[in-house]
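A structural walkthrough
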Amino acid sequence: MNAPDRFVLQVPESWPDADLSGESLAGLRAAALARTDDPRQKAAVNDMFRQGRELVRAARKHGALYGAGTVTLFDEGVFMANVMVFAVSAPAGRELNLATLSAQLGGQAAKGRALSNRVVTSVEIPEVGTAARVTAVEEVSLTADVKTKVLTMHTVIPVPTAPRNYLLVSCSSPNLPLKADVYDLFDAITHTFRYVRATEGV
């Protein structure tokens, strides 16, 4: 596809930009483990970072342009979330509309098994206009034998200078009990998206 326009996406200050090579994860994991002596919290940290490695691996495979995220340890447990931006193109002869998204996004839905909690809709992004969105609880594989569920929000934003090309803002978190707050956070992050004109600084 054509190179997408430059863009800006604002994330919380505590979310470092992702190292899409995955090389920084070991240091982040060690730092998180050093903050607690609780075996259950250590197990939770290790589990979160296993998920993080899988996400980074998948991001590289699908050509991620940008990523950021957090692994934060609270007294109540661990909070993990991330956002990635991917370049995507509409399938040949088809529009990348809500029907297409419904078939292609949403974990098991992509294999023809609809998820009851999957919601396909459109949203208004202030600096962009109308964008298509899919939210769902998806099941992802951590290993060949271990799977986990994550909250996801995928928002597809048209590239104005390249018809049929889009940027996919994809957010995820394994903190299912915080569903409402997590989706509010993902929505707020996505709403900061804007393209940068050639005459602007990055």
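Whatever comes next refers back to the structure up there.
In this report, the structure presented in the accompanying data block is examined.

1. Digging into the overall build of the protein
Secondary structure assignment for the protein yields four helices and eight strands. Starting at the N terminus, the α and β elements of the protein follow one another as β-α-α-β-β-α-β-β-β-β-α-β. Counting the 202 residues in the protein, one finds 42% classified as buried. In the protein, once contacts between residues fewer than 6 apart in sequence are set aside, the share between residues at least 24 apart is 60%.

2. With respect to the nonpolar core
Across soluble globular proteins, nonpolar side chains show a tendency to be buried alongside one another. If you look at the biggest cluster of nonpolar residues, it comprises 27 residues, and the most contacted ones within it are L9, V169, F186 and F193. Among the secondary structure elements, those contributing two or more residues to this core are β2 (64-74), β3 (77-89), β4 (119-125), β5 (129-141), β6 (147-158), β7 (165-173) and α4 (179-190). Residues L33, M48, V78 and M80 belong to the second largest nonpolar core, which totals eight residues.

3. Describing the pattern of salt bridges
Taken as a whole, this structure holds two salt bridges when the rule is applied. Residue R40 is joined to D38 by a salt bridge in which the shortest nitrogen-to-oxygen separation is 3.9 Å. With its nearest N and O atoms 2.7 Å apart, the salt bridge here joins R133 to D187. Of this pair, R133 sits in strand β5 while D187 sits in helix α4, and the two are 54 residues apart along the sequence.

4. What to know about the side chain of T135
On the secondary structure map, T135 appears in strand β5. Owing to a relative accessible area of 13%, T135 belongs among the buried residues under this scheme. Residues contacting T135, with those up to four places away along its chain left out, are N117, R118, V119, T152, M153 and Y183.

5. What about the pairing of β2?
Taken residue by residue, a regular strand's side chains alternate between the two faces of the sheet. Sheet topology note: the β2/β3 ladder contains 10 bridges and is antiparallel. Of the residues in β3, the one forming a bridge with T70 is A81. Between β2 and the antiparallel strand that follows it, β3, lie two residues.

6. Describing the packing of aromatic side chains
Throughout the structure, instances matching the rule amount to two aromatic pairs. Between the aromatic rings of F7 and F193, the centroid separation amounts to 5.6 Å while the plane-to-plane angle is 15°, which identifies the pairing as stacked. Of this pair, F7 sits in strand β1 (residues 7-8) while F193 is found in the loop between α4 and β8 (194-195), placing the two residues 186 residues apart along the sequence. For F193, a relative accessible area of 0% gives the class buried.

7. Side note on the pairing of β7
Among the nine residues that make up β7, nine are buried, leaving the element largely enclosed by the rest of the structure. As paired strands, β3 and β7 are joined by eight bridges and run antiparallel to one another. Among the inter-strand pairings, A87 is bridged to a residue of β7, identified as L167. In the sheet, β6 pairs with β7 via eight bridges, with the strands oriented antiparallel. Note on β7: the bridge partner recorded for P158 is Y166. Here β6 folds back onto β7 in antiparallel fashion, the turn holding six residues, of which R164 has a positive phi close to 75°.

Conventions we followed
Residues numbered from 1 in each chain as written. Predicted model: local features only at pLDDT ≥ 70, side-chain atom pairs only at ≥ 80, totals over all residues. Heavy atoms only, no water. Helix = DSSP H or I, 4+ residues; strand = E, 2+ residues; numbered from the N terminus. Buried < 20%, exposed > 50% of the residue type's maximum accessible area, 1.4 Å probe, protein only. Contact = heavy atoms within 4.5 Å. Core = buried A, V, L, I, M, F, W, Y, C linked by side-chain atoms within 4.5 Å. Salt bridge = Lys/Arg side-chain N within 4 Å of Asp/Glu carboxyl O. Pairing = 2+ DSSP bridges. Phe/Tyr/Trp six-rings, centres within 6.5 Å; stacked < 30°, edge-to-face > 60°.

Purely geometric numbers; function is a separate question.
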